[in-house]
Structure formats: C-alpha cells, structure tokens
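One-letter residues, chain by chain:
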Amino acid sequence: MKEGGAVPARQLWDRSACTRCGSCVEACPADARELAGRDWSVNELVDELERDRVFFDTSGGGVTFSGGEPLAQAGFLNHCLRECGRRSLHTTVDTCGLAPRDTLLAIARSADLLLYDLKHMDPVRHLSKTGADNRLILDNLRALSESDSDVWIRLPLIPGFNDGEANIEATGVFLEGLRRRHRVFVLPYHGIANGKRSRLENSIAESGVKTPGLGALAEVAERLSKHNLEVIVGGSP
Amino acid sequence: MNDRVQRLRQQSLDTHPSVSIERAVLLTDFYRENIGRYPQPLLRAKAYHHLCANKTVYIGDEELIVGERGHEPKAAPTYPEIICHTVDDLRILDSRAMTSYRVAAEDIETYERDVIPFWQGRSLRDQIFDLLPEEWRQAFSAGIFTEFMEQRAPGHTVGDGKIFAKGMLNFKAEIAVAIEDLDFESDPEANARRDQLEAMDIVADAAILLANRHAEKAQEIAASETDPKRRSELERIAEVCRYVPANAPRDFWEALQTYWFVHLGVITELNGWDAYNPGHLDHHLDPFFERGIADGSLDRETAKELLECLWVKFNNHPAPPKVGVTAEESGTYTDFANINIGGVRSDGSDAVNDVSYLLLEVIDEMHLLQPSNNIQLSRKNPDRFLQAALRVIRKGYGFPSIFNSDAVVEELVRQGKTVEDAREGGTSGCVEAGAFGKEAFILTGYFNLPKMLELALHNGVDPRTGEQIGLRTGDPAEFSSFDEIFGAWRTQVRHFVDIKYKGNLIFERMFADWAQAPFLSIVTDDCISKGRDYNAGGARYNTSYIQGVGIGSLTDSLSVLKHHVFDDGSLTMSELIEAMDNDFGGNEALRQRLLNKTPRYGNDDDRADNIMVRCFETYFETVEGRPNFRGGEYHINMLPTTCHVYFGAVMGAMPDGRGAGIPLSEGISPVQGADRQGPTAVFKSAAKMDHLKTGGTLLNMKFSPRLLEGSTGIDMLTSLVRGYFGMDSHHVQFNVVSAETLREAQADPSNHRNLIVRVAGYSDYFCDISRELQEEIIERTEHEGF
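Just so it is clear, the structure is predicted and the values come from calculations on it, not from any experiment.

**Student:** Quick question: what am I supposed to make of the overall build of chain B here?
**Tutor:** Within chain B, the secondary structure is distributed over 32 helices and 18 strands. For 786 residues, the compact-globule formula gives about 28 Å, and the C-alpha radius of gyration of chain B, at 26 Å, lands near that figure. The principal-axis extents of the C-alpha atoms in chain B amount to approximately 85 × 60 × 55 Å. Relative to its 786 residues, chain B shows a buried fraction of 67%. For chain B, contacts bridging at least 24 residues in sequence account for 76% of all contacts bridging at least 6.

Here's what the structure looks like:
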C-alpha cells in the first residue's frame with residue numbers, strides 16, 4: 001500500500017491508514033471520492049464567500065457559519081467574522097453554545113447574529129444524548145442575554161427526546177427569565193445527517209427518529225408563546 | 001376558466017395538426033393566370049387579395065374571437081412560392097414520429113397534379129439554391145450553420161400599439177398621402193415606391209374584405225341559431241368584424257379581434273418566422289380594460305374569457321410545416337409568438353398594470369403551448385409582479401420566461417435605436433431583442449461554434465466525412481501554445497462566418513425582390529413613409545442576427561486543451577485527438593478525467609470563464625457591424641432553439657469528454673452536468689459574458705419543485721433573478737419538473753400528454769420532443785440546493 005489513502009482499484013480503503021492527504025481523490029478520474037473539508041486562509045475563505053455578494057445584496061442575506069460546531073475553531077472564526085465585517089457582509093453564527101464564556105462573547109461581538117440551540121433543559125438528559133451537560137450552555141445564554149448581541153433561540157424538536165410537556169414548559173420558563181426576550185424558532189428534527197453517518201461507515205447508528213409533523217411543531221410553539229415569547233415555526237422569520 | 005373556454009381549449013388540444021392545401025391551390029390558380037402581368041409587389045398583393053376573397057371562412061361553435069389561417073383549426077397552409085414541398089415531403093410530414101401533420105391522400109394527389117408542376121424550379125428556395133456558392137452548400141450540409149430563410153420568410157417581428165389606435169382605413173389614408181408625396185421629378189425610385197404603396201393599399205382592402213366575410217358568415221349562422229344567447233353573440237361578432245380592422249377598435253373585444261385579424265394577415269401573406277406577436281399586450285389593452293371597467297361595459301371575467309378565446313386562437317395555429325434541416329433546428333409545433341408582459345413604457349415609467357396580472361392568470365389557467373409568453377422585468381417593476389410570475393413558473397409549465405427589460409433597452413440603444421423606441425421594444429421568438437413595430441430583426445441562422453474547434457483539431461478536415469471543408473490551420477500536434485489552437489479556431493470561425501454572410505446576402509436580396517410583405521409593411525414603421533417593403537429595408541431599423549450555439553461545450557473543450565495539454569502537459573495533443581477520434585472507446589478513464597478534473601464553465605471559475613469570454617468576444621467581433629442588404633447591420637445573439645441537438649449530431653467526440661453525436665450545451669447554459677457549484681455560480685459565470693453586446697442570450701435552469709415551495713422559495717428565486725439581472729444579463733428561464741416525473745412521461749407518454757417543459761427559448765410538450773432532447777432535459781442539472 002502506498003503512503004496515504006490511495007490504494008489500487010478494488011481494494012478496500014483502510015481508514016486507519018488514511019493520512020487525509022487527498023491523493024486518492026486526485027487519482028480517481030470519475031470524482032467518486034471526495035475529501036470533506038480543506039484548509040483555507042481567512043482571506044481566501046472570505047473571497048470565496050464574497051462571490052455571492054450580488055445575491056446577498058438582492059436578498060438581504062449574508063453568511064452563516066455553522067457546523068459541526070464553528071466555535072471549535074473559534075480563533076479562525078473570529079478572524080473570518082471580522083474580515084466579513086470589514087467588507088460589510090452580514091454574518092450569522094449557528095452554535096450549540098458549548099464554549100468558554102469569553103470565547104463565545106467575543107464571537108458574539110464580532111458576528112451580526114447568533115443562532116443558539118437549546119436542546120434540553122435537563123442536564124442529565126442533555127448529557128445522555130449530546131455527550132455534555134447543559135449548565136455551561138444555559139449560563140452562556142444568560143450572559144449573552146445580558147450583552148447587546150442579537151441572539152435567536154433555536155429549538156430542534158426531537159420526538160421522544162425534548163418534545164415532552166415538561167421540557168417545553170421548562171424551556172419557556174427559562175427563556176422568559178432571561179434579561180431580554182429573544183425570538184424562538186421551533187425546528188423539525190431532520191434526517192439529513194443520515195447520509196453523512198453512512199459515509200462515516202456507521203460510526204454512529206442511524207437515529208431512527210422521525211421528523212415531527214407541523215401539528216406537533218405548532219403545539220409546541222403555542223405552549224412556548226404563553227411565556228411572552230415570539231415563537232416561529234420553521235427556520236425563517 | 002368557464003365551460004366555453006374549457007371546451008374550446010380541449011378541442012384545440014385534441015385536434016391533431018394538419019396541412020391545409022387551400023392556400024397553395026388558390027395561390028397557384030392566381031399565379032398561373034397572372035404571372036408576368038404585374039410588377040412583383042402588385043402581383044403578390046393581388047394574390048393575397050385573391051386568398052382573402054376565396055379562402056374558407058371558419059367560425060366555430062361558441063367562439064368569440066374568430067378567424068383561422070387554414071380552412072379549420074390546426075390546419076397549417078403551405079407556401080409553395082417560398083418552398084415547394086415534394087410528394088415525399090408531404091408523406092414524411094404525415095407519417096413522421098415527431099411533429100407530424102396529417103395530409104389527406106387526395107390532397108397529396110392534388111398537390112402533385114396542380115401545385116408541384118407549377119412551382120418546382122420557380123419557388124424561391126429553388127431559385128436561391130441555384131445561386132448559392134458551392135462552399136456555402138458544403139458548409140450547410142456539414143452542419144456548420146443553418147439557414148432560416150431556406151424554407152420560411154424573414155419576419156421575426158412584433159407589433160406595437162399602432163393597430164389599436166388606427167384602422168386599415170387610416171393606414172389607407174396614410175398610403176394615399178405617401179403616394180401623393182412621391183417625387184417623380186427627382187426620385188428615381190419613385191415608380192418602385194408607388195408599386196410598393198399600391199401593394200399595401202390592396203392588402204389593406206383585402207384585410208377589410210376578409211373581416212367582412214367573417215361578419216357575413218356570423219350573420220348567416222345567427223339567422224339559423226335557435227339559442228338566443230348564442231344568436232346575440234354571433235350578431236356581436238358580426239358587428240365587431242364589420243368595424244375592425246377597418247377602423248380603430250372602440251372596446252376590449254374589438255381590440256382583441258383587431259389584433260387577431262392583423263396576426264392572420266401577417267401569417268397568411270408569408271410563412272415568416274415566429275408568426276407575429278402583439279408585443280406588450282398589457283400596455284396595449286390597458287386603456288380598453290380601464291375604460292370598460294369604468295363605464296361598466298366590461299367586467300374582469302368577461303375580459304378574461306375574451307383573452308382565453310384569443311389564447312385558443314394562438315394554439316390553433318401550429319408553425320407552418322418544416323422539413324429537413326429546418327425541422328432539425330426548430331423541431332416544434334410552436335410558432336414562437338411570444339407575448340411580453342410588464343417592462344417599461346416609452347417614457348421609462350413602470351408599465352405593470354391590472355392587465356399584466358390578468359394575463360398571468362390567463363397563462364396559468366390556459367397553460368397551452370401557444371402563445372409563448374414572458375415577463376419583461378425592469379428594476380422599476382415591483383417584486384409583487386415578479387412573484388406573481390414566479391408562482392406561475394412554479395407550476396412547471398416552463399413559462400413565462402423572464403427577461404431583463406433594462407438590459408434589453410440598453411442592448412437596443414447600443415444598436416442605435418432611440419431610447420423611446422428601445423423602451424417600446426422587448427423580446428420575441430425565443431429571446432431576440434427588437435424595437436416593436438419599427439424593426440425588422442431577422443434571425444438568419446445558427447452557427448456551430450464547437451464545430452470550428454473540431455475542424456481546427458483536424459487541420460480543416462471534417463472527421464465525419466473526411467472532407468477538407470475548412471482552412472488548413474496547421475497540424476495541431478505541432479502547436480506549442482494554447483494561443484495557437486485558439487488562433488486556429490478563430491481562423492475557422494472567420495472563414496465560415498464569411499461564407500455564411502455571402503449566402504445571407506443572396507437570401508436577403510432574393511426576398512427583397514421576390515417575396516414582398518405588403519401587409520406586414522403596413523403595420524411596421526416606416527415602410528409607408530419610405531415607400532419600401534418590409535423585406536427590402538422599409539422598417540425604421542433593420543437588423544440581421546447570426547446565432548452562436550454551443551459556447552459551453554466550446555469553453556470546456558478549450559479548457560481541457562489549455563489545462564491538460566498546454567499548462568500541465570499531462571496529456572499530449574495526439575493522445576487527445578486519437579481518443580476523440582475513437583469516441584473515447586477503451587479510454588473511459590481519460591474521458592472521466594477530462595469531465596471531472598477540468599475547470600469548466602458554469603462554476604464561477606475564472607480559469608474556465610475567461611476562455612468563454614474570449615470565445616464570445618471573438619465571435620462578436622467576427623459578426624458585429626457587417627452591413628446587411630436592407631441598410632442595417634449584423635449583430636449576434638446566443639440561443640439554440642433545438643439546434644444544439646442537430647449540431648451535436650454532426651460532430652464527433654470533443655475534448656470536453658462529450659461523446660460523438662451527443663447534444664451540445666444549449667444557449668449560454670453550461671454543459672449538462674458541468675455546473676457543480678449551484679445556481680448562483682451558474683449566474684455569475686453566465687454574467688461574465690457581455691450580454692449588452694448581443695441581441696439576446698438564453699440561460700436555462702432546472703429546479704426541482706421542492707426548492708420553490710412556499711413563500712420562502714418564491715423569495716429566494718426573486719433574489720436570484722434580481723441578482724442575475726443586476727449583472728446586466730438578458731434572460732433566464734426555469735424548468736420546475738422533477739426528473740422522476742419526466743422519466744414517467746417517457747415511459748408512459750399517453751398519460752403525460754399535457755406535460756409542458758421549457759426547451760430552449762420556448763416550451764413544448766415533453767412527449768412531442770425527440771428522445772435525445774428528452775434525455776437532455778432530464779439530465780440537465782437538477783439543482784437540489786442553493
């Protein structure tokens with residue numbers, strides 16, 4: 001076997017031997033292999049983003065940094081946000097909120113808008129499905145609400161996990177108690193990541209969770225709005 | 001739509017197109033008697049009068065707008081003075097799998113006995129082909145270019161508002177003044193002008209005569225009609241036909257009937273391309289609509305019913321039958337009457353009005369093949385207008401298409417029109433810009449841009465036939481730089497544009513001398529004041545276009561040469577040409593590498609797009625500004641109708657990995673499947689071409705319906721269109737049909753007869769287009785996400 005991932009035809013790819021050099025991608029004439037992700041400099045990336053400026057202008061749109069978790073590369077992210085700001089591109093960061101307080105607040109200062117996920121109010125349940133408990137996430141959100149950054153809350157509704165009455169109530173009470181009222185978006189859980197899972201060779205089994213219907217979303221929205229919140233079903237205002 | 005319209009629409013859909021030989025027989029009778037007795041313009045005018053006096057007058061049950069070109073709906077006449085169809089042609093028309101026209105056996109007999117013997121050798125086509133140089137014929141049969149006028153007359157024009165303000169009697173008065181003003185003392189052309197003007201006067205009378213015959217027919221049917229409601233409708237039809245087009249219309253109904261009589265006049269005197277077209281129908285009808293609503297004589301439902309009756313009339317008129325190469329380049333029943341909605345008025349103000357929205361409703365309800373329709377979108381038009389159109393587009397009919405009205409105006413001004421005339425202009429046919437009512441803008445043929453590279457890669461030899469048809473531009477294996485191969489391509493382009501141009505001058509002169517269009521001349525400024533025919537330069541503006549085809553395929557092929565052969569040297573020229581000549585047989589790995597590892601047009605990648613711009617500029621410089629026979633100039637546009645399929649069929653494999661015989665890229669769209677960066681990148685790439693130097697470009701996009709759901713989808717598309725047009729681009733059209741649906745239709749055509757898709761500049765029934773074209777539409781990138 002050659003160095004890196006490139007292997008002769010009909011041999012299986014050995015993930016453990018992969019150095020992510022990309023030579024297999026280059027070698028495949030049919031582009032059947034694809035390297036996910038690449039290295040960018042700040043300027044390169046923002047140049048690329050700016051290619052769509054004409055459409056940002058006509059739509060009032062801009063750039064959304066999402067993930068994975070964009071705060072996993074907080075330093076780079078911050079540089080990109082500032083460069084976008086310098087070029088007057090509107091920026092949004094979509095985060096789960098699990099990051100050191102100072103890092104998160106710095107990012108929030110550089111971005112025009114934060115989309116902030118609230119997955120569950122119970123730390124144990126949160127830990128069981130996400131691998132982290134939610135205390136830092138909730139504390140961070142309190143801190144953000146004390147700042148003057150624009151923050152929208154996103155509640156991905158996952159049937160059987162966070163759609164119970166108690167959790168929705170707890171979410172409403174928590175959001176009502178924040179210093180500012182933030183817009184809340186109730187989003188249906190979707191199975192888009194299943195494709196990614198299979199490409200990761202089933203490192204995580206398929207979720208099997210069904211996408212909730214409009215009725216369920218509307219019910220949750222209704223319950224939350226009783227806490228003096230502006231609640232929207234779906235992703236766009 | 002109401003029950004009446006529903007029945008008329010269904011009847012139009014259920015009637016298969018046929019050939020009507022009535023016109024050919026009447027014309028032949030007249031010519032046999034009168035040829036040589038009058039100067040040519042008068043002969044043609046009197047022949048037209050003879051047609052109007054003797055043709056069958058058809059008024060169908062329940063119709064409100066009346067008049068058929070043939071003896072019944074969907075019956076298309078022939079024009080033996082332009083092309084004399086052979087018995088074989090008629091049999092092929094009757095039996096071919098696609099776009100067939102029924103021809104009765106006894107009609108074929110009559111044709112063989114009476115029509116063919118008279119016209120063979122006399123038809124304009126026969127005369128012109130005798131005059132064309134050998135090099136032209138060789139290039140024509142090699143598929144290097146096509147010729148629009150080999151079977152059909154020029155035309156390619158559109159009406160303005162004049163017929164809604166003046167009747168034929170007013171035009172006759174203008175003609176009389178023009179004759180009065182002729183200067184026989186110092187104008188050597190005065191006698192010729194008098195002939196032309198008298199011809200116009202005769203056909204104005206003929207138009208009134210034909211309308212009166214419809215009035216009589218309506219009266220006659222009314223006399224025996226037992227249903228009082230229908231009887232009063234027929235009496236109203238009679239009243240309308242007695243008044244227009246002799247006089248200017250007084251109300252909405254008369255306005256529509258006026259247009260239809262003018263339309264019939266234009267498409268009966270000659271088989272001009274793109275039929276005729278009311279242009280900005282919403283501008284023209286707005287005053288009649290407003291007045292009728294204000295004084296209570298009209299309500300919205302009646303206006304809609306009348307418009308829908310007019311729509312049925314358009315759909316009743318398939319294109320005159322085409323055969324041979326003309327059928328290949330334009331394989332459709334559509335005759336390209338393309339109604340413009342929106343845009344600006346001559347003073348530059350926003351022209352969108354109540355009738356604009358009414359027309360969009362009509363288009364949605366009728367969703368018929370004809371008439372084609374488009375919106376002219378100016379930055380001055382409200383988003384509400386665009387969104388109303390997008391909600392129709394979303395249904396998947398492929399129409400209306402969307403034009404950048406501000407760019408169209410700028411294109412026309414660049415060509416020398418006044419800004420007012422430019423604003424009253426718009427687009428017709430597929431995407432062609434013109435000053436409505438004042439310009440003869442003639443498409444003369446498609447030009448196969450990638451074929452020039454195929455010749456350059458074979459030192460001027462056409463690999464399909466082995467013949468040396470191009471110039472010897474050198475053995476490509478000895479080229480040491482990209483500029484050399486590009487130079488060889490440019491040399492072939494110039495050589496064949498020269499040949500095309502020489503042929504065009506012959507066509508232009510022959511049509512000017514032999515195929516006068518006095519009726520079209522009446523309704524086109526300034527034919528009356530100049531005393532000149534439409535086909536001889538009578539119009540205020542006289543443009544000729546040569547349409548470039550395949551710029552996506554050409555760009556990707558040159559990109560392969562630049563990047564693989566010259567830049568990184570990973571492939572030798574000989575290896576590449578050998579693989580091409582073997583249609584990549586046994587070398588699929590190479591073909592995949594070329595397809596996937598090459599910068600390709602449509603991805604906002606300057607490495608490819610710069611090549612596209614260079615090709616475009618070269619083609620532009622080669623054609624732009626050459627004088628035409630009618631006193632105007634040549635310009636380019638970039639559209640294919642269905643010619644990219646024909647041009648692909650005459651070519652072997654190309655460096656971009658396209659296999660032999662496969663369709664080329666269409667319009668300015670990327671090669672099918674080459675764009676991988678989503679629609680914004682396609683728009684960015686396409687906008688690098690300087691659209692303002694053209695008279696039209698065509699960009700086709702296909703979206704799955706899911707992407708356009710809800711108001712979010714409409715908002716996104718609105719921003720995309722505004723963004724693309726902000727870059728001075730000309731046109732975009734959307735196909736919103738899932739590939740799955742298309743596959744189903746292919747497997748089971750009988751249950752998908754009414755499935756309309758956008759082809760290239762027009763929409764067509766999916767089941768009526770060729771298998772190759774079906775495949776191409778299915779494969780055209782289905783954008784799944786922005």
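**Student:** What am I meant to see in the interface of chain A and chain B here?
**Tutor:** When the parts come together, some accessible area is lost, and that loss is often what is quoted as the size of the interface. If you look at the interface, chain A gives 13 residues, while chain B gives 18 residues. Of the roughly 1200 Å² buried where chain A meets chain B, counting both sides, 54% is carbon and sulfur surface. Here chain A and chain B share three salt bridges between them. A salt bridge links Arg-51 of chain A to Asp-604 of chain B; its shortest N-O distance comes to 2.9 Å.

**Student:** What's the story with unusual backbone geometry in this structure? I'm lost.
**Tutor:** Glycine aside, a negative phi is what most residues show, and trans is what most peptide bonds show. The omega torsion of the bond from Gln-370 of chain B to Pro-371 of chain B falls at 0°, within 30 degrees of zero and hence cis. Its place among the elements puts Pro-371 of chain B in the loop between α16 (354-366) and β4 (372-377). Each neighbour pair has its own omega, and for Asp-525 of chain B with Asp-526 of chain B the value is 0°, a cis peptide bond. Considering the arrangement of structural elements, one finds Asp-526 of chain B in the loop between α22 (518-522) and α23 (527-530). Its identity is not glycine, yet Arg-20 of chain A carries a phi of approximately 55°, on the positive side.

**Student:** Would you mind going over the nonpolar core with me for this structure?
**Tutor:** One recurring pattern in soluble globular proteins: nonpolar side chains tend to sit buried together. Within the largest apolar cluster, 244 residues are counted, with the highest numbers of intra-cluster contacts made by Ile-402, Phe-447 and Phe-734 of chain B. Residues Leu-81, Leu-141, Leu-175 and Leu-217 of chain A belong to the second largest nonpolar core, which totals 41 residues.

**Student:** I'm lost on the state of the cysteines in this one. Help?
**Tutor:** The bond known as a disulfide is covalent and runs between the sulfur atoms of two cysteines. The full count for this structure, using the stated rule, is zero disulfides over all chains. Here Cys-24 of chain A is not disulfide-linked; the sulfur of Cys-21 of chain A is the nearest cysteine sulfur, at 6.5 Å. Its relative accessible area of 15% is what places Cys-24 of chain A among the buried residues. Cys-430 of chain B provides the cysteine sulfur closest to Cys-643 of chain B, a residue in no disulfide bond, and the two sulfurs are 11 Å apart.

**Student:** Which parts of the structure should I look at to understand helix α8 (residues 165-176) of chain A?
**Tutor:** Since there are 3.6 residues in each turn of an α-helix, residues three or four apart along the chain are aligned in direction. Residues and elements named next belong to chain A. With twelve residues, α8 should reach 16 Å at 1.5 Å per residue; the first-to-last C-alpha distance of 16 Å fits that figure. For α8, the full list of buried residues reads Asn-167, Ile-168, Thr-171, Gly-172, Phe-174 and Leu-175. With its buried residues spanning 165° around the axis, α8 presents them on a single face. Residues Glu-165 and Ala-166 are exposed on α8 and point more than 90 degrees away from its buried face. Buried positions along α8 lie against α7 (135-146), β4 (151-157), β5 (184-188) and α10 (214-225).

**Student:** Honestly, the sheet that holds strand β11 (residues 541-549) of chain B in this entry has me stumped. Any pointers?
**Tutor:** As a general point, the strands of a sheet are linked pairwise by backbone hydrogen bonds and lie either parallel or antiparallel. Residue and element names in this part refer to chain B. Pairing is parallel across the open sheet formed by four strands, whose spatial order is β8-β11-β12-β13. Strands at the two margins of the open sheet, each flanked by one partner only, are β8 (439-448) and β13 (694-697). This sheet shows a mean twist of 25° between the axes of neighbouring strands, independent of strand direction. As judged from the eight bridges shared by β8 and β11, these two strands associate in the parallel manner. Pairing of Phe-441 across the sheet is with Thr-543, part of β11.

**Student:** Explain the sheet that holds strand β2 (residues 91-95) of chain A here, please?
**Tutor:** Residues and elements named next belong to chain A. Taken in spatial order, the six strands make up an open sheet running β1-β2-β3-β4-β5-β6, and their pairing is parallel. What marks the edges here is a single partner per strand, and that holds for β1 (63-65) and β6 (231-233). Neighbour-to-neighbour, the strand axes of the sheet open up by a mean angle of 25°, direction not taken into account. In this structure, β4 lies alongside β5, joined through five bridges in parallel fashion. Across the sheet, Arg-154 pairs through a bridge with Phe-185, a residue of β5.

**Student:** Just to check I follow, could you spell out the side chain of Ser-18 of chain B for this structure?
**Tutor:** Residues and elements named next belong to chain B. Looking at where Ser-18 falls in the secondary structure, it is placed in strand β1 (residues 18-20). Ser-18 sits in the buried class, given a relative accessible area of 10%. Excluding anything up to four places from it in sequence, Ser-18 contacts Glu-72, Lys-74, Ala-75, Ala-76, Tyr-101 and Arg-102.

**Student:** Explanation requested: the packing of aromatic side chains in the structure shown.
**Tutor:** Geometry of an aromatic ring pair is reported as the spacing of the ring centres plus the angle between the planes. Throughout the structure, instances matching the rule amount to 29 aromatic pairs over all chains. A centroid spacing of 5.5 Å and a plane angle of 75° characterise the contact between Tyr-101 of chain B and Tyr-333 of chain B, whose relative ring orientation is edge-to-face. Of the two residues, Tyr-101 of chain B sits in the loop between α4 (87-95) and α5 (105-119) while Tyr-333 of chain B sits in the loop between α15 (324-329) and β3 (338-342), which places them 232 residues apart along the sequence. Just as Tyr-101 of chain B is buried, Tyr-333 of chain B falls in that class too. Every member of this aromatic cluster is reached through a ring pair, and the members are Phe-129, Trp-136, Phe-140, Phe-145 and Phe-507 of chain B. If you follow Arg-38 of chain A out to its NZ or CZ, it ends over the ring of Trp-40 of chain A, 3.7 Å from the centre. The lysine or arginine in question, Arg-626 of chain B, covers the ring of Tyr-501 of chain B, its NZ or CZ lying 5.2 Å from the ring centre.

**Student:** Would you mind going over the packing of helix α17 (residues 383-397) of chain B against helix α30 (residues 710-726) of chain B with me for this structure?
**Tutor:** Describing two packed helices takes the angle between their axes plus the distance from one axis to the other. Residue and element names in this part refer to chain B. Here α17 crosses α30 at 115°, and the two axes come no closer than 10 Å. Classed by the angle they form, the pair α17 and α30 counts as roughly perpendicular. When the axes of α17 and α30 are compared, the crossing they make is right-handed. Where α17 abuts α30, its residues Asp-383, Leu-386, Gln-387, Leu-390, Arg-391 and Arg-394 lie against Gly-710, Ile-714, Asp-715, Leu-717, Thr-718, Val-721 and Arg-722. Classifying every residue of the contact of α17 with α30 gives five nonpolar, three polar and five charged.

What counts as what
- Residues numbered from 1 in each chain as written.
- Chains lettered and ligands numbered in written order.
- Predicted model: local features only at pLDDT ≥ 70, side-chain atom pairs only at ≥ 80, totals over all residues.
- Heavy atoms only, no water.
- Helix = DSSP H or I, 4+ residues; strand = E, 2+ residues; numbered from the N terminus.
- Rg over C-alpha atoms; globule rule 2.2 N^0.38 Å.
- Buried < 20%, exposed > 50% of the residue type's maximum accessible area, 1.4 Å probe, protein only.
- Contact = heavy atoms within 4.5 Å.
- Buried area = accessible area lost by both parts, 1.4 Å probe.
- Salt bridge = Lys/Arg side-chain N within 4 Å of Asp/Glu carboxyl O.
- Core = buried A, V, L, I, M, F, W, Y, C linked by side-chain atoms within 4.5 Å.
- Disulfide = S-S within 2.5 Å.
- Expected span 1.5 Å × (residues − 1).
- Arc of directions from axis to C-beta.
- Pairing = 2+ DSSP bridges.
- Axes fitted to C-alpha atoms, helices over the stretch in contact; angles between N-to-C directions.
- Phe/Tyr/Trp six-rings, centres within 6.5 Å; stacked < 30°, edge-to-face > 60°.
- Lys NZ or Arg CZ within 6 Å of the ring centre and 35° of its normal.
- Parallel < 35°, antiparallel > 145°, perpendicular 65-115°, else oblique.
- Left-handed = near helix turned anticlockwise from the far one by under 90°.
- Nonpolar A, V, L, I, M, F, W, Y, C, P; charged D, E, K, R; others polar.

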